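# Report on the structure
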Amino acid sequence: MNEKSWGDMQREPLLACVGIDRHLVARCASPGCERAAPCDPSHWVAQGLGGLPLRAFTDRMRCVCGGRRAELSVAAGPLPERAGGEVYVFR
């Protein structure tokens, strides 16, 4: 995947942001919270949402701090075996 600005990446479809060579990381958007965790979006893809832009999923995340939004970014490498954690997908 080419280097893209934050705004450009947020317009990319979900399916373009995941694969065997890349995965999503969710970072809590609450002020002062530094929590982040790998994110498994497979259930969104299974629901047929893979064509939606990455920014469409920010409100579908929750954090243990109580935050109800997370910024999604793309990280290199496969999704770790243990995805989720302190920032997790809200189905």
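Reference entry: report on the structure contained in this document. Because the structure is predicted, anything quoted here is derived from the model rather than measured.

Moving on: the packing of aromatic side chains. Within the structure shown, the criterion is met by one aromatic pair. Positioned over the ring face of F90 is R62, at 4.1 Å from the centre of the ring.

This paragraph deals with the sheet that holds strand 1 (residues 22-28). The strand order 2-1-4 describes an open sheet built from three strands, whose pairing is antiparallel. With partners counted over all chains shown, the strands left at the sheet margins are strand 2 (36-39) and strand 4 (70-76), one partner each. Each adjacent strand pair in this sheet contributes to an overall mean axis angle of 35°, direction not counted. By the bridge criterion, seven bridges tie strand 1 to strand 4 in an arrangement that is antiparallel. Note on strand 4: the bridge partner recorded for H23 is A75.

Most of strand 1 sits inside the fold, with six of its seven residues counted as buried. When strand 1 meets strand 2, the two strands line up antiparallel, connected through four bridges. Within the sheet, the bridge partner assigned to V25 lies in strand 2 and is P38.

Calculation rules
Residues numbered from 1 in each chain as written. Predicted model: local features only at pLDDT ≥ 70, side-chain atom pairs only at ≥ 80, totals over all residues. Heavy atoms only, no water. Phe/Tyr/Trp six-rings, centres within 6.5 Å; stacked < 30°, edge-to-face > 60°. Lys NZ or Arg CZ within 6 Å of the ring centre and 35° of its normal. Pairing = 2+ DSSP bridges. Helix = DSSP H or I, 4+ residues; strand = E, 2+ residues; numbered from the N terminus. Axes fitted to C-alpha atoms, helices over the stretch in contact; angles between N-to-C directions. Buried < 20%, exposed > 50% of the residue type's maximum accessible area, 1.4 Å probe, protein only.

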